[in-house]
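Chains, contacts and geometry: an overview
Chain by chain, the residues run as shown.
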Amino acid sequence: MLVTLPKGAEARFELGCLLSCDHCDQLLVPSWGAGGQRQYTFLCGCRRDSVDAELVERLVRDRVEAESVLLVTGVAEGELGQVFQRLFAAIRVRTAADDLVFVWRL
């Protein structure tokens, strides 16, 4: 079940315009699950599910920290999206939430 985002809720999604389906490149859509959890949903038809937003955002942050912890040191959670936008051209989701392909801008 896909629940519409309340006004202003988009700011809580750090990867809103970076996550895409690895098969067709269509962007995943930020959404709320029936239980109130944040998620990114495939609307392309390649997959019929969603990935947990908290998990994917933590994995992306972990990847950035693996390059240099200084890139995210002191950055508030609500501002991580700006950092991710500067570092990545895209982040593609393959078969699972933890199967990510990072396309770096640098």
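You'll find the structure just up there.
Please read these numbers as outputs of a predicted model, since none were measured by experiment. (Residues numbered from 1 in each chain as written. Predicted model: local features only at pLDDT ≥ 70, side-chain atom pairs only at ≥ 80, totals over all residues. Heavy atoms only, no water.)

Concerning the sheet that holds strand S2 (residues 29-32)
The strand order across the open sheet formed by three strands is S2-S3-S4, and the pairing between neighbours is antiparallel. The open sheet has two edge strands with one neighbour each: S2 and strand S4 (50-52). Between one strand axis and the next, the sheet turns through 40° on average, direction left out of account. Of the pairings in the sheet, the one linking S2 to strand S3 (residues 38-41) comprises four bridges and is antiparallel in character. (Pairing = 2+ DSSP bridges. Helix = DSSP H or I, 4+ residues; strand = E, 2+ residues; numbered from the N terminus. Axes fitted to C-alpha atoms, helices over the stretch in contact; angles between N-to-C directions.)

Details of unusual backbone geometry
The backbone phi angle of Asp25 is positive, close to 70°, even though this residue is not glycine. Note that Asp25 resides in the loop between strand S1 (19-21) and S2. Residue classification places Asp25 among the partly exposed positions, given a relative accessible area of 46%. (Buried < 20%, exposed > 50% of the residue type's maximum accessible area, 1.4 Å probe, protein only.)

Some details on the environment of Gly45
Examined against the element boundaries, Gly45 turns out to sit in the loop between S3 and S4. By relative accessible area, Gly45 is classed as partly exposed at 48%. Separated by 21 residues in sequence, Gly45 and Cys24 place their C-alpha atoms 9.4 Å apart.

Here's the deal with the packing of aromatic side chains
Enumeration according to the criterion identifies four aromatic pairs in this entry. Arranged with centres 5.7 Å apart and planes meeting at 75°, the rings of Phe13 and Trp32 form a pair that is edge-to-face. Of the two residues, Phe13 sits in the segment before S1 while Trp32 sits in strand S2, which places them 19 residues apart along the sequence. Judged by centre distance (4.4 Å) and plane angle (45°), the ring pair of Phe88 and Trp104 falls under tilted. Placement of Phe88 in strand S5 (residues 88-93) and of Trp104 in strand S6 (residues 100-104) is noted, with a sequence separation of 16 residues between them. Above the face of the Phe102 ring, Arg63 is positioned so that its terminal group lies 5.9 Å from the ring centre. (Phe/Tyr/Trp six-rings, centres within 6.5 Å; stacked < 30°, edge-to-face > 60°. Lys NZ or Arg CZ within 6 Å of the ring centre and 35° of its normal.)

A word on the side chain of Arg47
In this structure, Arg47 sits in the loop between S3 and S4. Using a relative accessible area of 17% as the deciding quantity, one classes Arg47 as buried. One polar contact links the side chain of Arg47 to the main-chain carbonyl oxygen of Arg94, over a distance of 2.7 Å. Those residues in contact with Arg47 that lie beyond four places of it in its chain are Phe42, Val93, Arg94, Thr95 and Ala96. (Polar contact = N/O pair within 3.5 Å; in protein donor to acceptor, adjacent residues only side chain to side chain. Contact = heavy atoms within 4.5 Å.)

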